[in-house]
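What follows is the residue order along each chain.
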Amino acid sequence: MSDDTHVADQGMASAFVGEELVRCNRCGLCLMACPTYRLSAVETDSARGRIALLEAMREGQLPLNAETANPFLECLACGACTETCLTSVDVNELVALVREEWYRIKVPPLDEQFVFNKLLARPRTLAFIMRALSSAKRSGLAEIARRLRLVRLVSPRLDTALGWVDTIPAYFLRDRLKRLGFRKRRHPAGKYWLRTFEVEPIAPGPQVLYFVGCASNFSQPDAAEAAIKVLIRAGCEVMIVSHYCCGFPAYVAGQREAARRLAALNVLALSRYSFDFVVSESAECSHFLKRYGELLDGNEEAERLAGTVRDFTELVAELRLPKGQTEERVTYHDPCHLGRGQGIREEPRHLLTEVAGAELVEMREANSCCGAGGFQSITQPAISQAVLQRKLEAIQETDADIVATACPLCMTQIAQGLRRAGSSIAVKHVAQVLADALEED
Ligand code: SF4
Ligand code: SF4
């Protein structure tokens, strides 16, 4: 198919898009909230400019081609524009629809097709590949391949992705379950792992099905491990079952059908068990799991499941924990998918100060995006790194010992940036600050 296909011809003439376009009055309030506009000061890098482009494409004045699709591919899906907008135009959904349309016209890159349509639906194959990458990292092979620029010859994006290999640990969260005291149990729906509390809790907590996100398992298992320890300390019974990627990376990349398939697989996999809440310490996962009802419109089981989802910080703020002790100064970065996405801003701050006992030093623009944005750190590395730079400066100004956050992708992005800058500020999940403080009490 030609690159110059009009959007209106491709089914983008939905009533939803029309309504959102009408709601934008071109006021420009969103301009300075947009991290990509702040980098370039180019109108089409802002929400207002993207909306104007979409309108022109919809009316047939402009084609959807590589040039007009690019501003939509570069959006970080941070939602800062919608938060600022007085009429709350749903820019994230408009951007996702244009990306989707673009990839109906232009075949998506092969690596994205493989990851979103094949790999994420095969957790064992994914784990096997991640183990191979972890071994390659420890043997030094990955670094040698990068230095020789062998990978760059195959794919520059894969070369960027290999930068993330540095963050892959030797043992993933699912490898640690026995050591964490989980025992395998049988269930008609399949085997699962269960960990009950050992110390008598202050108050018995709910039964939690812990959702092990891909970034939590393969990149930040210490954060997930700490979250599980805190839940158990708060009296929860924690179960872990086999499931799939939540689907957010596919959705944000414009592969809605792949995201819907993963969501449907998860609804089947999780709904067979009984529990009070599905909990994740990954803000992206908890945010997207809460949206399963709208994503799988009409699926009652998806709606019910979505209603049980809680972010780790959201649930733990409601549970009773002893007061911990920490001497450290902590600053907090609001993940876009927790603060803006789920409206959860006070809970992590409450946990850090009132439960962990930390001194909280607010950074400027704590709720601005760190540049990770789904897969943007890999697919749009230049923009991602430029946006990160502003975040790193804000963190370093605070002179804190720890920057805490509540999303494994933000953690990895910020940790890489601070390491490159030679900073000694530690990056931790709120759960790790809590677990450390409670161990010291
Ligand atoms: S989602 Fe973020 S990057 Fe995208 S237009 Fe809105 S503010 Fe800009
Ligand atoms: S998206 Fe909202 S804030 Fe931005 S120009 Fe349109 S109406 Fe104004």
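Below: a short report on this structure. Not measured: the values here are computed from a predicted model.

1. What to know about the overall build of the protein
Move 1: Each helix and strand counted, the protein has 25 helices and 10 strands in total.
Move 2: Relative to its 441 residues, the protein shows a buried fraction of 47%.
Move 3: In the protein, once contacts between residues fewer than 6 apart in sequence are set aside, the share between residues at least 24 apart is 77%.

2. A short note on the site of ligand 2
Move 1: If you check the shell around ligand 2, you find 15 residues, and the closest are Cys24, Cys27, Cys30, Arg48 and Cys85.
Move 2: Elements with a contribution of two residues or more to the shell around ligand 2: α3 (47-58) and α5 (80-84).
Move 3: Per-element accounting of the shell around ligand 2 gives the leading share, 3 residues, to α3.
Move 4: Of the residues in the shell around ligand 2, the class split is 9 nonpolar, 4 polar and 2 charged.

3. Examining the sheet that holds strand β1 (residues 183-185)
Move 1: A sheet is described by the order of its strands in space; here 6 strands give the open sequence β1-β2-β4-β3-β5-β6, paired in mixed fashion. Strand pairing shows two members of the sheet lacking a second neighbour, β1 and β6 (309-311), which therefore form its edges. Averaged over neighbouring strand pairs, the angle between their axes works out to 35° when direction is ignored.
Move 2: Examined bridge by bridge, strand β3 (residues 207-210) and strand β5 (residues 277-280) share 3 bridges and lie parallel to one another. Looking at β5, one finds that Leu209 is bridged to Val278.
Move 3: Packing of helix α13 (residues 221-233) onto the sheet brings it into contact with β2 (192-195), β3, β4 (237-240) and β5, and relative to β4 it is tilted by some 145°.

4. Considering the site of ligand 1
Move 1: Taken together, 15 residues are adjacent to ligand 1, and Cys34, Ala47, Cys75, Cys78 and Cys81 come closest.
Move 2: Going through the elements one at a time, α2 (35-40), α3, α5 and α6 (91-105) are the ones with two or more residues in the shell around ligand 1.
Move 3: For the shell around ligand 1, the residue count by class is 11 nonpolar, 3 polar and 1 charged.

5. Topic: the pairing of strand β9 (residues 402-405)
Move 1: Where strand β7 (residues 329-332) lies against β9, 3 bridges are found, and the strand directions are parallel. If you follow Thr331 over to β9, its bridge partner there is Val403.
Move 2: Bridge count between β9 and strand β10 (residues 426-429): 4 bridges; the pairing is parallel. When the bridges of β10 are listed, Ile402 appears paired with Ala426.
Move 3: On the question of chirality, the crossover connecting β9 to the parallel β10 by way of helix α24 (residues 408-420) is right-handed.

6. Details of α13
Move 1: When the terminal C-alpha atoms of α13 are compared, their 18 Å separation across 13 residues agrees well with the 18 Å that a helix rising 1.5 Å per residue should span.
Move 2: Within α13, 12 of the 13 residues are buried, which leaves the element mostly enclosed by the surrounding structure.
Move 3: A positive backbone phi angle near 90° is found at Gly235, which sits one or two residues after α13.

7. Notes on unusual backbone geometry
Move 1: The phi dihedral of Ala77 falls on the positive side, at around 55°, and the residue is not glycine.
Move 2: Of the residues examined, Ala77 has 21 C-beta atoms within 10 Å and is grouped as buried.
Move 3: For Asp399, which is not glycine, the phi torsion reads 60° and is therefore positive.

8. A closer look at the packing of α13 against helix α25 (residues 430-439)
Helices that pack against each other are described as a pair by the angle of their axes relative to one another and the distance between those axes.
Move 1: Close contact between α13 and α25 brings their axes to 8 Å; oriented N to C, the two are set at 55°. Our classification of the angle between α13 and α25 gives oblique. Viewed along their axes, α13 and α25 form a crossing whose handedness is left-handed. Residues Asp222, Ala223, Ala226, Ala227, Lys229, Val230 and Arg233 of α13 pack against Ala431, Gln432, Leu434, Ala435 and Leu438 of α25.
Move 2: Residue classes in the contact of α13 with α25 are distributed as 8 nonpolar, 1 polar and 3 charged.

9. Focus on helix α23 (residues 381-397)
Quick reminder: α-helices carry 3.6 residues per turn. Residues three or four places apart thus point the same way.
Move 1: The end-to-end C-alpha distance of α23, which contains 17 residues, comes to 24 Å, matching closely the 24 Å that a straight helix rising 1.5 Å per residue would cover.
Move 2: Inspection of α23 places Ile383, Ser384, Val387, Leu388, Lys391, Leu392 and Ile395 among the buried residues, and these make up the whole buried set.
Move 3: Just downstream of α23 lies Asp399, where phi reads positive at about 60°.

10. Some remarks on the pairing of β3
Move 1: In the sheet, β3 pairs with β4 via 3 bridges, with the strands oriented parallel. Note on β4: the bridge partner recorded for Leu209 is Met239.

11. Comments concerning the packing of helix α4 (residues 66-74) against α6
Move 1: Running from N to C, α4 and α6 point in directions that differ by 130°, and their axes come no closer than 9 Å. Classified by the angle between their axes, α4 and α6 sit oblique to one another. Note on packing geometry: the crossing formed by α4 with α6 is left-handed. Only Val95, Val98, Arg99 and Trp102 of α6 make contact with α4, whose side of the interface consists of Ala69, Phe72 and Leu73.
Move 2: A breakdown of the residues in the contact of α4 with α6 according to their chemical character gives 6 nonpolar, no polar and 1 charged.

12. Here we look at the nonpolar core
Move 1: Counting 131 residues, the largest nonpolar core has Tyr210, Val230, Leu231 and Leu434 as the members making the most contacts within it.
Move 2: Ranked by residues supplied to this core, first place goes to α13 with 8 residues.
Move 3: Residues from two domains meet in this core; each of domain 1 (7-105) and domain 2 (329-439) gives at least three.
Move 4: Beyond its immediate sequence surroundings of up to four residues, Leu434 is in contact with Val230, Gly324, Leu351, Val355 and Ala356.

13. Points about the sheet that holds β7
Move 1: Across the sheet, 4 strands lie side by side as β8-β7-β9-β10; this open sheet has parallel pairing. Every other strand in the sheet has two partners, leaving β8 (359-360) and β10 as the edge strands with one partner each.
Move 2: Strand contacts of α25: β7, β9 and β10, with the helix running at about 90° to β10, the strand carrying the most contacts.

Calculation criteria
- Residues numbered from 1 in each chain as written.
- Chains lettered and ligands numbered in written order.
- Predicted model: local features only at pLDDT ≥ 70, side-chain atom pairs only at ≥ 80, totals over all residues.
- Helix = DSSP H or I, 4+ residues; strand = E, 2+ residues; numbered from the N terminus.
- Buried ≥ 20, exposed ≤ 12 C-beta atoms within 10 Å, placed from the backbone.
- Contact = placed C-beta atoms within 7 Å.
- Near = placed C-beta within 6 Å.
- Nonpolar A, V, L, I, M, F, W, Y, C, P; charged D, E, K, R; others polar.
- Pairing = 2+ DSSP bridges.
- Axes fitted to C-alpha atoms, helices over the stretch in contact; angles between N-to-C directions.
- Right-handed = clockwise from strand over helix to strand, strands pointing away.
- Expected span 1.5 Å × (residues − 1).
- Parallel < 35°, antiparallel > 145°, perpendicular 65-115°, else oblique.
- Left-handed = near helix turned anticlockwise from the far one by under 90°.
- Core = buried A, V, L, I, M, F, W, Y, C linked by C-beta atoms within 7 Å.
- Domains from an automatic or database assignment.

Remember, this is a structural readout, not a statement about activity or role.
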